[in-house]
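Survey of secondary and tertiary structure
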Amino acid sequence: MHNKTIAQLANELSTNRISSVELTQLFLDRINRLDNTLNSFITITTEKALQEAAKADSLRAAGNTNPLLGIPLAQKDIFCTQGIKTSCGSRMLDNFIAPYDATSVIQLQQAGTVLLGKTNMDEFAMGSSNENSYYGPVKNPWDTRCVPGGSSGGSAAAVAARLTPAATATDTGGSIRQPAALCGITGLKPTYGRISRYGMIAFASSLDQAGTMTKTAEDAAILLNAMAGFDERDSTSVNTPVPDYTASLNDSLQGLRIGMPKEFFGEGLNSDIAEAIQAAMKEYENLGAKLIDIELPNTGLSIPAYYVIAPAECSSNLARYDGVRYGYRCKNPVNLEDLYKRSRSEGFGKEVKRRIMIGTYVLSAGFYDAYYLKAQKIRHLISQDFAEAFKKVDIIIGPTTPSPAFAIGEKSNDPVSMYLSDIYTIAVNLAGLPGVSIPVGFTKNLPIGMQLIGPLFSEARLLNAAHRYQKITDWHAKTPEEFN
Amino acid sequence: MEWEIVIGLEVHAQLVTKSKIFSGASTAFGADPNTQACAIDLGFPGILPVLNKEATTMAIKLGLGIHAEIAARSVFARKNYFYPDLPKGYQISQFELPIVGKGYLDILMEDGTTKRIGITRAHLEEDAGKSLHEDFNGKTGIDLNRAGIPLLEIVSEPDMRSAKEAIAYLKALHALVRYLDICDGNMQEGSFRCDANVSIRKKGETRYGTRTELKNINSFRFVERAINYEVERQIALIENGGKVIQETRLYDPNKNETRPMRGKEEANDYRYFPDPDLLPLVITEEQIAAVRSQLPELPQQKRQRFIDAYGLSPYDANVLVSNRATATYFETVVTTSNNQPKLSANWVMGELSAALNKANIEITDSPVTAEQLGQLILRISDNTISGKIAKSIFEALWNKEGDVDHIIEKRGLKQVTDTGAIESLVDSLIAKYPDKVAEYRAGKEKLFGFFVGQAMKESGGKINPQQLNEWLKKKLA
């Protein structure tokens, strides 16, 4: 049962082969039994989950047929949940209980889903390995010596280990796609503004995007149907119509023009990954797609630009955590400055402090033009690159990461090499585009992810392409042995 | 040494929107601390600002009122600094691209001419909360009711050359925001706050001197005093070989002095950058046209009309247009008095204004209505009563004793214009004071006044002065 997709579980529920309470209990049992090893959850909401499941069962009895009714899932601990701790992986918010729900939490609640708990993550979504959590690192279910990727490492590991059918996640520079790739699952980062950011704790507001971690593209489509849409409480959410993302999943790929950027297949790419991507391309050719070589000449600038813009926004977004109104406050402050300094020094972890300092520096008088403004110009160039490419192709495909999951501790003292592992994902955030990572193979028993990138609001097309691939392959159906 | 004073003003006008600039919390003044602050105002995690459209409309109004360009696209920026009453650790403001660009106000000078004061820009921003340092046993209390209240910061050019000009500009701006109904103008409650940038330079010098910024000047009177104090201080400093330091100084109205301010304003790098939570504010020509079509007649236009149509002096016109209610009152008086603008102006600015001041009430609450005052003036101009009698009727009106004609009737105050009655009164005076008549006829012309006085006394002031004069001259000749 735990290996089934949302679509399959919905069928089980609607035909009364299992109740939501039973299904929920099954996943709660798995979490209790298996998560000690993985550490993918920060909070498990057993009681609430069973209540919601019972409610879903009675709604079903009353005739409700929502495809998500009674489906258990997990929320990344970055989404505010009323009455339940929302820590954002930080000591700073270890005591924080939001008096409101994030919009996407409300949407999923209204669709009838059951909240199993809140998943572990890099502190304030800053990291690519989930080693930066106040609650300790998350392990990769395929090899528990390895990282699951980050920042949505908890969501990815939990879905990969079948502790939940699906989870929400967020992606600022690759935080959905990279852990999805490293854990062998499907991770969707929609277009910037497609899902409301209201109640989602901000890291870098102009890049942050909510999305999903699922087993399949079909499940991503089902979840996106519930989460996408304009929200008047988020001025940056976009008011364009939301299609039914499941309707076009089986559309033909005949004549689909797929762009392969040469910058994504150059130096630094693991050869097994390169081979797996080439093999996947063959499958697409078999499905009728045309492969076209393209260029994204400014890809190399995306990391430096990102590491100016994201820290700049973070330095300002995280200024509110000052020990005054909520969150961590140091013991016995002697004066205001002491209160600020110690609350923030003790409340934030190392990587968060590093980025606050970088951000403060690049926004400072005398440096603003050289860093922040220049980075914005690069951002514009990168968007232009994609816009040019999408004149020739419908979607772009490449590896999600240059290498598979690395060992815990391997890069934790080398931030730059850690930052470089996001080389293929970051440009997509800078351009605000949708991207999805799907599993396409293994290297030494570790999953390989392939990234599909499309123009703004092309989620339906991306999920269609991903789904058609998943119908003729079974990489997405593999489960790590220890968790089967 | 002759010094020239250079003043620029920064005014923060609190906009009278019902809810805050980025949240739905109420903006009402005087509520219990922290009862009007929602999760947005408190800077909670994950919470996002949404711009109040009403604030935008009000900024457009101001822009049109100062003949400024309204930006088709303006940008909200974050001003970053730490302070306990600033919940997010930044203030949402506008920096490089404000909503209102260059404009101006024409102020009235003492000699009746006008001077154009340039306005550099006006931008929208949110207010911070308040830190309360008393009543907490050495600790600081924080009230976030004010956090997020919309402000329009209006920055002038350094175009003013005296404290008097600064006051004139400030009053003109004050009148404007109240005409536009975008700010209540209450300086005591801080809804209209002013900071003054003051510097001095030698007469004839083209470069500006080093300026200081004066804060905490919450009345027109204090603006004048603070500027004058600061000018004296700077002159004394320079003449004694010192140098003015660019700094922020706080005005202390009790001691009437300015002194350097320490704390949050000190040497901050605000690290402005565009707020990624808010899209650029786009304003269309249609929006501007819609606001323009709703604009009332503004003080400068009204002043000119009062001068042209009513023949008022620029000074009188300026006083009458200083607030909309007074101007409206005045125009009603003019109409009901059957077009007696000068007399109407004198009464509104004289008797009425004095009575209102004394009783400390607003013109909108005046016990004497504009129609009643107009009626009173009509009765003066048609010679029913004299000006002197009119004052006693005004008092009766103030005390709600009824309408003008009713009071005249009841008290028998109608002026004597009957020729026969006046002639016989004059005759009786000539009979009563033969000595004075003789002296007058012998050349002591000053005694004419004596006879006028006696006649007024005997008639209870009701006699028509012109007719009396004519009869006295005839009979005494």
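Everything discussed here concerns the structure shown above.
The rules we used
- Residues numbered from 1 in each chain as written.
- Chains lettered and ligands numbered in written order.
- Predicted model: local features only at pLDDT ≥ 70, side-chain atom pairs only at ≥ 80, totals over all residues.
- Heavy atoms only, no water.
- Pairing = 2+ DSSP bridges.
- Helix = DSSP H or I, 4+ residues; strand = E, 2+ residues; numbered from the N terminus.
- Buried < 20%, exposed > 50% of the residue type's maximum accessible area, 1.4 Å probe, protein only.
- Salt bridge = Lys/Arg side-chain N within 4 Å of Asp/Glu carboxyl O.

Notes on the sheet that holds strand β3 (residues 76-80) of chain B
Residue and element names in this part refer to chain B. The strand order across the open sheet formed by three strands is β4-β3-β14, and the pairing between neighbours is antiparallel. Bordering the open sheet on either side are β4 (90-94) and β14 (273-274), each of which pairs with just one other strand. For β3 and β14, the ladder comprises two bridges, and the chain directions are antiparallel. Within β14, the position partnered with alanine 77 by the bridge is proline 274.

Notes on the pairing of strand β10 (residues 192-202) of chain B
Within a regular beta strand, the side chains point alternately toward one face of the sheet and then the other, so they alternate between its two faces. All names here are of chain B. Counting buried residues along β10, nine of its eleven residues qualify, which places the element largely inside the surrounding structure. Summarising the sheet, strand β1 (residues 3-14) and β10 pair through eleven bridges and their orientation is antiparallel. Residue isoleucine 7 lies in a different strand from β10, and its bridge partner there is valine 198. In this structure, β10 lies alongside strand β11 (residues 212-217), joined through four bridges in antiparallel fashion. Residue valine 198 lies in a different strand from β11, and its bridge partner there is threonine 212.

A few points about unusual backbone geometry
All names here are of chain A. Cis geometry marks the peptide bond from glycine 150 to serine 151, where omega comes out at 5 degrees. Locating serine 151 in the fold gives a position in the loop between β3 (114-119) and α5 (153-160). With a phi angle near 65 degrees, asparagine 39 is a residue other than glycine that sits in the positive phi range. Summarising the element assignment, asparagine 39 is placed in the loop between α2 (20-38) and β1 (41-44). Unlike most non-glycine residues, asparagine 445 shows phi in positive territory, near 70 degrees. By the element assignment, asparagine 445 lies in the loop between β10 (435-443) and β11 (446-453).

Some thoughts on the pattern of salt bridges
Going through the model one piece at a time under the given rule, you end up with 48 salt bridges over all chains. Arginine 233 of chain B is paired through a salt bridge with glutamate 230 of chain B; the nearest N and O atoms lie 2.7 Å apart. Within this pair, arginine 233 of chain B and its partner glutamate 230 of chain B are both found in helix α3 (residues 220-239), separated by three residues, close to a single helical turn. The same class applies to arginine 233 of chain B as to glutamate 230 of chain B, namely buried. Salt bridges linked by common partners bring Arg197 of chain A together with Arg78, Asp275 and Asp277 of chain B together as one network.

Everything listed is a geometric property; what it means functionally is a separate question.
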